[in-house]
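Listed below, chain by chain, are the residues.
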Amino acid sequence: MATERIRTHRLILRPLEARDAPALHKVFSNPQAMRYFSDPHPELAETETWVRNSLAGLPGQTLEFVLDHKGTVIGKAGIWDAPELGFLLHPRFWGKGLMAEALSALIPHFFQQMSLEKITADVDPRNSASLSLLNRMGFRKTHEARGTIRINGEWCDSIYLALPRPATPGTRAL
């Protein structure tokens, strides 16, 4: 699996490393950032476990990147339990187009590096910013389900989206 860094206009996207746990903990411990993602991590050890589990993922099943903005890790985006996309950004950086910039570079990379026929996403219907971003990236809703995940003691619903692998020149779309 290739592990190169990807540079965008404002970001360096680099593969997740064990040393990223303390920086990512600033995001994973933030209740606002984690509102639709998972329970916040009050302890660094929880983020270290998440990082360790992500790094231990099977090749071709997990490929996580950190988003480095001006030398500071501000979030993450990646494929886990392929083909599912997950992304998280510190609220201080919301509304600046940084995740759109990251995903515009990473999505083609994921298709190139991983044997994915599609990339999927599971989004809480109340998370309008993520739904809007994914729609702009070309994801389309496939279905919905109620009570799919429990976050902070609350059962949350899901909207499932998918982005098919783009047709390559010289091939026919199915």
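Above this text sits the structure in question.
As the structure is a computational prediction, the values presented were derived from the model and not from experiment. (Residues numbered from 1 in each chain as written. Predicted model: local features only at pLDDT ≥ 70, side-chain atom pairs only at ≥ 80, totals over all residues. Heavy atoms only, no water.)

Colleague: Teacher, can you tell me more about helix 3 (residues 44-55) here?
Modeller: Along an α-helix, a turn takes 3.6 residues, which lines up residues three or four apart on a common side. The end-to-end C-alpha distance of helix 3 is 17 Å, a good match for the 16 Å that 12 residues give at a rise of 1.5 Å each. Among all positions of helix 3, only Thr47, Trp50, Val51 and Ser54 are buried. Projection of helix 3 onto a plane perpendicular to its axis shows the buried side chains occupying an angular sector of 95°, all on one side. Exposed residues on helix 3 whose side chains face more than 90 degrees from its buried face are Arg52 and Asn53. Where helix 3 is buried, its residues meet helix 1 (21-28), strand 3 (63-69) and strand 4 (72-80). (Helix = DSSP H or I, 4+ residues; strand = E, 2+ residues; numbered from the N terminus. Expected span 1.5 Å × (residues − 1). Buried < 20%, exposed > 50% of the residue type's maximum accessible area, 1.4 Å probe, protein only. Arc of directions from axis to C-beta. Contact = heavy atoms within 4.5 Å.)

Colleague: Teacher, can you tell me more about the environment of proline 83 here?
Modeller: Relative to the elements of secondary structure, proline 83 occurs in the loop between strand 4 and strand 5 (84-89). For the pair proline 83 and methionine 34, spaced 49 residues apart in sequence, the C-alpha separation works out to 21 Å. Excluding residues that lie within four positions of it along the chain, proline 83 makes contacts with Leu116, Lys118, Ile119 and Thr120.

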